[in-house]
Amino acid sequence: GGMSPAPARLLAALLTVLLVAACGGGGGGNNTTPTPPDTSGVLQDNTAYSTAATAALASAIEQAVDTDHTIQLASGPLTYKATVGHLTAGTAPLQASMFYVAYSVASSAANAPPRPLIFFYNGGPGSASVWLHLGSWGPRRLVTNDPGVNVPLPYSLVDNQETLLAVADLVFVDAVGTGFSQAIAPATNASFWSVDADAAIFRDFIGRYLAKYPRPANTALVLYGESYGGLRTPIVAQELLAAGMALQGIVLQSPILNYNSNCGVLDPGQLSCGSFIPSYAATAAWFQLSQPLVLDLNSGLPTFADLVAGFVDSVYEPAAQLYITLHQPLGGSLNSQLAAFTGLTSANWLSSPLLPPDPFRSLLKPQQLLGRYDARMSAAVGSALAADGDPSSTATNPAFKNAIAAVLSDLKYQATVPYAMSNDAAIARWGWQHDGKALPDAIPDLALAMTLKPGLKTLALLGLHDLATPYHLTESDLGRLGTAPAVQVKRYVGGHMTYLDDKSRPVMRTDLGSFLAGLSP
C-alpha cells in the first residue's frame with residue numbers, strides 16, 4: 001500500500017492516509033512446530049538505523065547474508081536462495097545504504113534461458129516494501145483473509161502457491177528512511193525525499209545490484225511498483241533506459257500516475273471525482289446496494305463496471321465540467337442514475353455533485369466506515385478498527401509488522417532496531433515537483449520510456465474496490481498514451497492490494513506469468 005495526498009491537505013489527511021509507522025515486534029510466524037533459533041551464520045547488524053529527516057550513516061558497508069530454503073508448491077518442491085542486506089547506491093555526496101531482500105533459484109539446465117529479474121517496491125511516499133514482499137509474490141505469504149477484517153491470529157506465514165519465484169528472481173527494496181534503508185553522510189534521509197531524488201536512488205540501486213550480481217545480457221528486467229511506486233516506476237524506467245541499461249517490462253500495481261488528476265489529492269471543488277464513481281458502484285455492488293443489482297460478482301461485475309465507466313465518461317463528466325465552470329446543477333435524472341449505480345440517494349448527489357471518496361466511505365452504510373484501500377472492508381464508526389480512518393489498513397498492519405520480524409529472523413538477518421514499515425516524516429517533507437509541475441505526472445515519463453525502448457511492455461493491475469487509486473482513473477491516465485499496443489490493463493475484484501484477495505491472487509498470477517513469458521530481452 002501507501003499513497004499519500006498532496007501538500008495542500010497533508011496534515012489533515014495524515015492519519016487517514018498513512019500506514020501507521022511500525023515498531024518492531026517478534027514472534028514466530030511459521031505454521032510448523034517452533035524450533036530453537038539457530039544462531040550460526042546470523043548477520044548481526046548493530047547499526048542504529050533512523051527514519052529521521054536529518055539522519056545519516058557516518059559510513060556504510062555492503063554486507064549480506066545468504067540462506068537456502070525449500071517451499072512446497074503444487075508442482076513440487078522449489079529450492080531457492082535468499083539474500084538479505086545492504087547495497088550502497090548513488091554517487092557521493094548523494095549516497096544511501098539500501099536494504100533489500102532477494103530471492104533466486106539456480107538454473108537447472110546449462111542452456112536454459114535466464115530467469116527474468118523483478119525489482120519490487122511499495123509506495124507512500126514513505127512506505128517500506130513489506131506489503132509486496134509478504135503479501136504478493138514472494139516465496140512465503142501472510143494469510144490475511146481479505147476482505148474479512150479478522151486477520152487470523154496468530155498470523156500465519158504459508159508457502160506461497162502463487163509465488164513468482166517459480167518463474168523469476170525477485171528483489172524487494174526499501175526506500176530511504178524506511179525498512180533499514182538510510183542515507184550516508186553528508187547526505188541525509190531527507191536528501192532523497194522528493195520525486196526526482198527518490199527515483200534517482202532507486203535507479204542507482206538497480207545499477208548497483210546488477211553490478212554486484214551480474215546477469216546474462218539477455219535477462220529480462222522488470223520493475224514492479226505499487227501505488228506511489230507506480231509513479232516512481234516510469235521515472236526510474238526512462239532514466240535506466242536513458243543510461244543505456246536494459247529494461248523489458250513494467251508492472252503498475254494500483255498506481256497513482258498523475259497527482260493532478262486524482263480528486264482525493266486536490267482540494268474539493270477543483271476537479272471532478274468522476275473516475276472514482278465506477279469504484280463507488282463496484283463497492284455498492286459488493287454490498288448489494290447498486291441498481292441494477294449485481295448478484296454474480298464473477299460474471300456480472302465486469303459488465304456492470306463497463307456500464308458505469310461508459311456512463312461516467314459520456315454523461316457524467318461533461319455535466320461535472322459544467323458544474324465546476326458554470327455552477328450548473330447536474331439535473332434530476334443524472335442524480336437519480338448516480339444514486340442507483342452507487343447505492344446512495346439522489347439527495348446525496350444533489351448536495352455533493354463532485355462527491356469525493358472520503359464522504360462516500362461514510363455515506364454508503366449507516367454507522368459504518370468503509371476502507372480506503374479496500375472498500376469491501378468496513379468497521380463500526382467509533383470502533384478500534386475505524387479509529388485510524390481506514391479499517392482495511394488497520395486490520396492488516398499489525399500482522400505485517402509481526403511477519404516481517406519473523407521472516408528476517410528466518411533469513412538470519414538480525415537488526416537492533418525495529419524495521420520501519422512507514423515514515424510519517426518523509427511524507428510531511430516530500431518534494432512533489434517534477435518536470436516543472438508542482439505535483440508530479442509520470443505519464444510523459446512512461447511515454448518517453450516507450451520511445452527509448454519501443455518493445456517495452458507495461459501491465460497495470462487494478463482493484464475494482466480501491467478508493468485510493470481508483471481503477472478507472474488509472475485507465476483514463478494511461479489513455480493519454482493513445483492505443484499503445486504494449487500497455488495491458490487488468491481489473492480484479494479487490495482493493496489497492498488486490499493480491500491479498502484469495503480469489504483474485506491466482507488469476508493475477510496467471511496474468512503475470514503470461515506477461516513475463518511474453519517479454520523479449
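Look up a bit, the structure's there.
What counts and what doesn't
- Residues numbered from 1 in each chain as written.
- Predicted model: local features only at pLDDT ≥ 70, side-chain atom pairs only at ≥ 80, totals over all residues.
- Heavy atoms only, no water.
- 1 Å grid on protein atoms, 1.4 Å probe; cavity = no way out; pocket = protein on both sides within 12 Å on 5 of 7 lines; lining within 4 Å.
- Points joined across faces, edges and corners; volume = space filled by probe spheres on them.
- Helix = DSSP H or I, 4+ residues; strand = E, 2+ residues; numbered from the N terminus.
- Core = buried A, V, L, I, M, F, W, Y, C linked by side-chain atoms within 4.5 Å.
- Buried < 20%, exposed > 50% of the residue type's maximum accessible area, 1.4 Å probe, protein only.
- Contact = heavy atoms within 4.5 Å.
- Phe/Tyr/Trp six-rings, centres within 6.5 Å; stacked < 30°, edge-to-face > 60°.

**Points about the layout of surface pockets**
What the second largest pocket holds in volume is close to 390 Å³. Lining the second largest pocket are 19 residues, and of these Asn-298, Tyr-492, Val-493, Lys-503 and Ser-504 lie nearest its centre. Elements supplying a minimum of two residues to the lining of the second largest pocket: helix H6 (300-326), strand S16 (487-492) and helix H15 (504-517).

**A few points about the nonpolar core**
In this structure, Phe-119, Phe-205, Tyr-209, Leu-223, Tyr-280 and Tyr-316 are the most contacted members of the largest nonpolar core, which totals 97 residues. In terms of residues, this core owes the most to one element, H6, which gives nine residues. Setting aside residues up to four positions removed in sequence, Phe-205 forms contacts with Leu-87, Ala-89, Met-98, Tyr-100, Phe-119, Val-171 and Val-173. Grouped together as the second largest cluster of nonpolar side chains are 58 residues, Leu-43, Ala-128, Tyr-155 and Met-508 included.

**Concerning the packing of aromatic side chains**
Applying the stated rule across the entire model yields 28 aromatic pairs. Aromatic pair Phe-119 and Tyr-209: ring centres 5.5 Å apart, planes at 90°, arrangement edge-to-face. Taken as a pair, Phe-119 in strand S5 (residues 117-121) and Tyr-209 in helix H3 (residues 195-212) lie far apart in primary sequence, 90 residues in all. Note on accessibility: Phe-119 and Tyr-209 belong to one class, buried. Where Tyr-280 meets Trp-349, the ring centres are 6.4 Å apart and the plane angle is 40°; that geometry is what we call tilted. Of the two residues, Tyr-280 sits in helix H5 (residues 277-286) while Trp-349 sits in helix H8 (residues 346-351), which places them 69 residues apart along the sequence. The pair Tyr-280 / Trp-349 is uniform in exposure class, with both members buried.

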